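What follows is the residue order along each chain.
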Amino acid sequence: MQPITWDEYEYELREHGADWYWALGILAAALTVAAFMFQNVLFAILIVISAVTLGLVASRAPRLRRFELGDRGISIDDTLYLYSAFDAFGITGGEPPKLIMRPHKIFTPHLAIPLPHEHIDPARSLLRRHLLEETLEEPVSARLMEWIGF
């Protein structure tokens, strides 16, 4: 069977205005002060590093990724994820629809991949040959990142 390929951005571009950065800075400053009040310098340093990292990631544009569903697994750019590493898959009905793949290992994150509408049926038929289809939801971490603007 022919592989199913598509190009998609890794996440939806959302403009972060000055208010978003001010809110990030104020929240980070408040948490840093609280950490110092509890005499937890290491936590204060972690908060500052996290806030700076979040601000830098928020300022960059999403990268265009190449996705390919083949007979052995799913490729994202040059990385192949074998079907044997996953238990099940599900396709969400959101906008855009997402292909969610649940791995065998507990501490391995789920894959949540944007899937164009025209590839839903071919992807479902290809994946059913290798994995069980279940009703899977996006991981909490992915929903949290969307909620804060990523």
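Above this text is the structure in question.
Conventions and cut-offs
Residues numbered from 1 in each chain as written. Predicted model: local features only at pLDDT ≥ 70, side-chain atom pairs only at ≥ 80, totals over all residues. Heavy atoms only, no water. Pairing = 2+ DSSP bridges. Helix = DSSP H or I, 4+ residues; strand = E, 2+ residues; numbered from the N terminus. Axes fitted to C-alpha atoms, helices over the stretch in contact; angles between N-to-C directions. Parallel < 35°, antiparallel > 145°, perpendicular 65-115°, else oblique. Contact = heavy atoms within 4.5 Å. Nonpolar A, V, L, I, M, F, W, Y, C, P; charged D, E, K, R; others polar. Buried < 20%, exposed > 50% of the residue type's maximum accessible area, 1.4 Å probe, protein only. Polar contact = N/O pair within 3.5 Å; in protein donor to acceptor, adjacent residues only side chain to side chain. Core = buried A, V, L, I, M, F, W, Y, C linked by side-chain atoms within 4.5 Å.

(A) Spatial organisation of the sheet that holds strand β3 (residues 73–76). Here we have four strands laid out as an open sheet, ordered β1-β2-β3-β4, and antiparallel in their pairing. Edge positions in the open sheet fall to β1 (4–9) and β4 (79–82), since each of these has one partner strand only. Averaged over all pairs of adjacent strands, the angle between strand axes in this sheet comes to 20 degrees, irrespective of strand direction. Judged from the six bridges that link them, β1 and strand β2 (residues 64–69) form a sheet pairing that is antiparallel.

(B) Broad picture of the sheet that holds strand β8 (residues 132–133). Taking strand neighbours across the sheet as the criterion, the four strands line up as β7-β6-β5-β8 in an open arrangement whose pairing is mixed. Looking at strand neighbours, the two that pair on one side only are β7 (111–114) and β8, the edges of this open sheet. With five bridges joining them, strand β5 (residues 86–91) and strand β6 (residues 98–103) adopt antiparallel strand pairing. Residue pairing in the sheet places I91 in a bridge with L99 of β6.

(C) Representation of the packing of helix α1 (residues 18–37) against helix α2 (residues 41–59) in the model. Relative orientation of the contacting elements α1 and α2 amounts to 170 degrees, with a least axis distance of 8 Å. Between α1 and α2, the angle falls in the class roughly antiparallel. Counting all contacts with α1, which are made through W20, Y21, L24, A28, L31, T32, A35 and F36, the residues of α2 involved are V41, F43, A44, I47, V48, A51, L54, G55, A58 and S59. Of the residues contributing to the contact of α1 with α2, the split by class is 15 nonpolar, three polar and no charged.

(D) Focus on the environment of E134. On the secondary structure map, E134 appears in the loop between β8 and α4 (140–147). Judged by its relative accessible area of 31%, E134 is partly exposed. For the pair E134 and F89, spaced 45 residues apart in sequence, the C-alpha to C-alpha distance is 6.0 Å. Setting aside residues up to four positions removed in sequence, E134 forms contacts with A88, F89, G90 and R102. Within the local environment of E134, its side chain forms a polar contact with the side chain of R102, the two groups lying 2.7 Å apart.

(E) Focus on the nonpolar core. By size, the foremost hydrophobic cluster in this structure holds 20 residues, and its most contacted members are L69, L99, M101, I113 and L127. Mapped by element, the contributors of at least two residues to this core are β1, β2, β3, β5, β6, β7 and α3 (120–128). When residues no more than four places from it in sequence are discounted, the contact partners of L127 are L69, Y83, F89, L99 and M101. Within the second largest apolar cluster, six residues are counted, among which are A28, A44, I47 and A51.

Bear in mind that shape data such as this cannot, by itself, settle questions of function.
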